[in-house]
Amino acid sequence: QVQLVESGGGAVQPGGSLILSCTCAGLSLQNYAIGWIRQAPGKEPEGVSCISFSDGSIRYGDSVRGRFTISKEDGKARVYLIMNYLEPEDTAVYHCAVKWDIKAVVCPAFVNDYSHRGRGTQVTVSS
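Only a predicted model underlies this, so the values are computations on that prediction, with no experimental measurement involved.

Procedures and definitions
- Residues numbered from 1 in each chain as written.
- Predicted model: local features only at pLDDT ≥ 70, side-chain atom pairs only at ≥ 80, totals over all residues.
- Heavy atoms only, no water.
- Pairing = 2+ DSSP bridges.
- Helix = DSSP H or I, 4+ residues; strand = E, 2+ residues; numbered from the N terminus.
- Axes fitted to C-alpha atoms, helices over the stretch in contact; angles between N-to-C directions.
- Salt bridge = Lys/Arg side-chain N within 4 Å of Asp/Glu carboxyl O.
- Buried < 20%, exposed > 50% of the residue type's maximum accessible area, 1.4 Å probe, protein only.

> With reference to specific residues and values, describe the sheet that holds strand E8 (residues 78-83).
Hydrogen bonds between backbone groups are what pair the strands of a sheet, and the pairing can be parallel or antiparallel. Read across the open sheet, the 4 strands follow the order E1-E3-E8-E7; overall the sheet is antiparallel. Of all the strands in the sheet, just strand E1 (3-7) and strand E7 (68-73) have a single pairing partner and so form its edges. The average angle at which neighbouring strand axes cross in this sheet is 15 degrees, direction not considered. The pairing of E7 with E8 spans 6 bridges and is antiparallel. Paired with Phe68 across the bridge in E8 is Met83.

So, in structure tokens, the structure goes:
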């Protein structure tokens, strides 16, 4: 059974930084991509970022591009999301998500295309 363990959420002031991490366990396939989806109260889920372990390709949402950076640890199915210049609009529950397949995987274009999603970690940006 695939499990996603997220950590690193918390409260920070506007302009601050946080680092989220996600470790995926139980994957039996070698082709996968791990990303982050966030959901604020009353809003639709939003794709934040994703990185493919098949080809290293990366995707960012328009609202975070230039402020957030995603990276991966090969061999451990672990990703990090470095979030800089945080804004109140970034407040949400951040869920780690994974997509796997028998063939090479690129980051999904839509949040519903992920295979599995973690419970999430709260990020609050407020003064």
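> I'd like a rundown of the pattern of salt bridges, residues and numbers included.
Across all of its chains, the model carries 9 salt bridges by this definition. For Asp90, the salt bridge goes to Arg38, with nearest N and O atoms at 2.9 Å. In this pair, Asp90 sits in the loop between E8 and strand E9 (92-101) while Arg38 sits in strand E4 (residues 31-39), placing the two residues 52 residues apart along the sequence. This pair shows no difference in class: Asp90 is buried, exactly as Arg38 is. Among the salt bridges present, the one from Arg78 reaches Glu73, with a minimum N-O distance of 3.4 Å. Put simply, Arg38, Glu46, Arg67, Glu87 and Asp90 are held in one network by salt bridges that share partners.

Remember that the coordinates give geometry; whether it matters functionally is a separate question.
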